[in-house]
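Structural description and commentary
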Amino acid sequence: MKILAIETSCDETAVAVLDISGDLGAPKVSVLGEALYSQAEKHAEFGGVYPNLAKREHQQNLVPMLREALGGGFAISNDESLISKQDTNSRIQKEKIEMVETILVREDVLREQTVSFLKEVGMPDIDAIAVTQGPGLEPALWVGLNFAKALSLAWGIPLVPVNHMEGHILSVLVQNRKEISNDESLISRQLEFPAIALLVSGGHTQLVHAPELGTYTIIGDTRDDAVGEAFDKVARLLDLPYPGGPQISSLAEKTRPEHSHILENTRMTDTEKVSFPRPMINSNDYDFSYSGLKTAVRYFVEQRQPLSDELKMEIAREFEDAAIEVLITKTRRALAEFTPKALIVGGGVIANKHLRSELEKLIAEFPDITLHLPTGKLATDNAVMIGIAGALHYQKHPQEFTVATADPTTIPAHGGLSLEK
Ligand code: KG4
Ligand code: ZN
């Protein structure tokens, strides 16, 4: 099937068109077109994601990005044969345009662009439209959701709402072939169930038990800040620009080889040592807490002003060690208790090199469990993972998904949407 996917849950605007076929457990996925735009630089001056800016950016970017994603030479065409009979019937066209205008009533720029786009192009060869319904920033989610609804209604194509976190889980189903050869296409992987998923993003830190594809129980969650949020906040304490995760990660990285050298050859004195707590590491559950760790960094930073570059690196490394040690310890315990066949790790923080290498070490302790990590651009927010999750649900229960209506109470954006049904 061909599926159009739209993701606007945070500060990435993403659109993708996928062709998905074969077994649901290891689908064959081709990316027919893709457009991804990160607004991170624009949010940097606010030190974090500014919801109204995210909303405005999504509104301005969606139509040009849809054109780009559909421009792969297959979908949009003014060729009469690709324009459905309904769309050439001006009466229906007019009614539909009016409904599109109702759906996008609050989205000024997007409404105008969408209407002129719909009038200009024919109907694309797409079977379903997947869109992130939540979790995320509601003002941002609404933009993508309303846009997807407008397209669904105008083109008569079913709408498939997707949970962003399930997208992160299923992002591991495909692997960038480029990492193996020079080929840009994706190859699929077979996921084994039951699985444990560790989700680590800007909004979530969760351990999830999945007895089968598409069924999830949250066994552990953060009690306060998410791990990605802690990376971003600590980065701010060190005067590093948003998004802080990658910044902390590369600072810490610099100290690692050097650090092991120091540890092996000289003994560090206590005054040079930076040490932060590992919150809840020994608690008898799978929950996390990152706000205390951030506070510990803040106290330390306040006492040691001005920070030398070396000290900043040490802080970044020790913070990264502390944050990741808790993730690894809790995940180890979940693997031992649930004895799954697979460990899946998804969410933006999995872009972190140290986390990846600690997970490789962890999985070596469990020879019967396969580790699945997302590759390349699929680690952070993207529309490919939303398309994969959408296609999976659509193929399982096609009758459950219908063309969108102009009624905003059906399929609303849901900032706190849970993975559990
Ligand atoms: O999944 P994602 O792209 O968006 C959300 O759904 O939240 O995750 C974004 C989070 C941010 O907090 C960002 O700082 C963090 O992932 N992140 C990283 C790295 N790259 C992104 N954290 C640590 N190390 C990284 N290399
Ligand atoms: Zn995400």
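Higher on the page you've got the structure.
Just so it is clear, the model here is predicted, and its values are computed rather than measured.

Rules used throughout
Residues numbered from 1 in each chain as written. Chains lettered and ligands numbered in written order. Predicted model: local features only at pLDDT ≥ 70, side-chain atom pairs only at ≥ 80, totals over all residues. Heavy atoms only, no water. Axes fitted to C-alpha atoms, helices over the stretch in contact; angles between N-to-C directions. Helix = DSSP H or I, 4+ residues; strand = E, 2+ residues; numbered from the N terminus. Parallel < 35°, antiparallel > 145°, perpendicular 65-115°, else oblique. Left-handed = near helix turned anticlockwise from the far one by under 90°. Contact = heavy atoms within 4.5 Å. Nonpolar A, V, L, I, M, F, W, Y, C, P; charged D, E, K, R; others polar. Donors = N, O, S within 2.8 Å, 3.2 Å for Na, K, Ca; no water. Buried < 20%, exposed > 50% of the residue type's maximum accessible area, 1.4 Å probe, protein only. Expected span 1.5 Å × (residues − 1). Arc of directions from axis to C-beta. Pairing = 2+ DSSP bridges. Right-handed = clockwise from strand over helix to strand, strands pointing away. Near = heavy atom within 4 Å. Polar contact = N/O pair within 3.5 Å; in protein donor to acceptor, adjacent residues only side chain to side chain. Areas by Shrake-Rupley, 256 points an atom, 1.4 Å probe, with all protein chains shown as cover. Domains from an automatic or database assignment.

1. Some words on the packing of helix H5 (residues 108–120) against helix H6 (residues 138–155)
Running from N to C, H5 and H6 cross one another at 25 degrees; their axes reach a closest spacing of 11 Å. Looking at the two axes, H5 sits roughly parallel to H6. In this structure, the crossing between H5 and H6 has a hand that is right-handed. Contact residues: H5 offers Leu110, Thr114, Phe117 and Leu118, while H6 offers Val143, Phe147, Leu151, Ala154 and Trp155. When its residues are assigned to classes, the contact of H5 with H6 shows 8 nonpolar, 1 polar and no charged.

2. Brief notes about the coordination of the zinc ion (ligand 2)
Tetrahedral coordination by four donors sets the ideal angle at the metal to 109.5 degrees; octahedral coordination by six donors sets it to 90 or 180 degrees. Donor atoms from the polypeptide that coordinate the zinc ion (ligand 2) comprise His164 (NE2), His168 (NE2) and Asp381 (OD), at 2.0 to 2.1 Å from the metal. Of note, the donors binding the zinc ion (ligand 2) are all from one chain and are spaced H-x3-H-x212-D. Here His164 and its partner His168 are both found in helix H7 (residues 164–170), 4 residues apart, which amounts to about one turn of the helix. The pair formed by His164 and His168 is uniform in burial state, with each residue classed as buried.

3. Brief notes about helix H11 (residues 309–338)
Compared with an ideal rise of 1.5 Å per residue, which puts 30 residues at 44 Å, H11 spans 43 Å between its outermost C-alpha atoms and is within 8% of the ideal. Along H11, 21 of the 30 residues are buried, which leaves the element largely enclosed by surrounding structure. Downstream of H11 by a residue or two, Thr339 has a phi angle that is positive, lying close to 35 degrees.

4. Notes on unusual backbone geometry
Following Gly134, the chain continues into Pro135 via a peptide bond in cis, with omega recorded as -10 degrees. For Pro135, the location among the structural elements is in the loop between strand E4 (128–134) and H6. A cis amide bond, omega 0 degrees, links Phe193 with the succeeding residue Pro194. Looking at the secondary structure, you find Pro194 in the loop between strand E7 (186–188) and strand E8 (195–200).

5. Here's the deal with the side chain of Glu57
Structurally, the position occupied by Glu57 is in helix H2 (residues 51–70). Ignoring sequence-local partners within four residues, the contact set of Glu57 consists of Tyr37, Gln39 and Lys42.

6. As for helix H8 (residues 227–237)
All of the buried residues along H8 are Val227, Gly228, Ala230, Phe231, Val234 and Ala235. Projection of H8 onto a plane perpendicular to its axis shows the buried side chains occupying an angular sector of 160 degrees, all on one side. In the stretch just after H8, Asp239 is the one whose phi turns positive, near 60 degrees.

7. A few points about the pairing of E4
Burial analysis of E4 places 7 of its 7 residues in the buried class, which makes it a mostly covered element. Relative to strand E5 (residues 159–163), E4 is paired through 5 bridges, and the arrangement is parallel. By the bridge assignment for E5, Ala130 is matched with Val160. For the crossover that starts at E4, traverses H6 and ends in the parallel E5, the hand is right-handed.

8. A short note on the side chain of Asp321
With respect to the helices, strands and loops of the structure, Asp321 is situated in helix H11. Setting aside anything within four residues of it in sequence, one finds Asp321 in contact with Arg256, Arg278 and His354.

9. As for the site of ligand 1
What surrounds ligand 1 is a group of 18 residues, the closest being His168, Gly202, Asp232, Gly348 and Asp381. Within the backbone of Gly228, an N or O atom sits 3.1 Å from an oxygen atom of ligand 1. Contact distances for ligand 1 include 3.5 Å between an oxygen atom and a backbone N or O atom of Val349. Bound to the protein, ligand 1 loses 90% of the 550 Å² it would expose on its own. Mapped onto the shell around ligand 1, the elements with two or more residues apiece are H7, H8 and helix H9 (244–265). Its residues assigned to classes, the shell around ligand 1 shows 4 nonpolar, 12 polar and 2 charged. Split by domain, the shell around ligand 1 shows at least three residues from each of two domains, domain 1 (2–183 + 378–400) and domain 2 (193–340).

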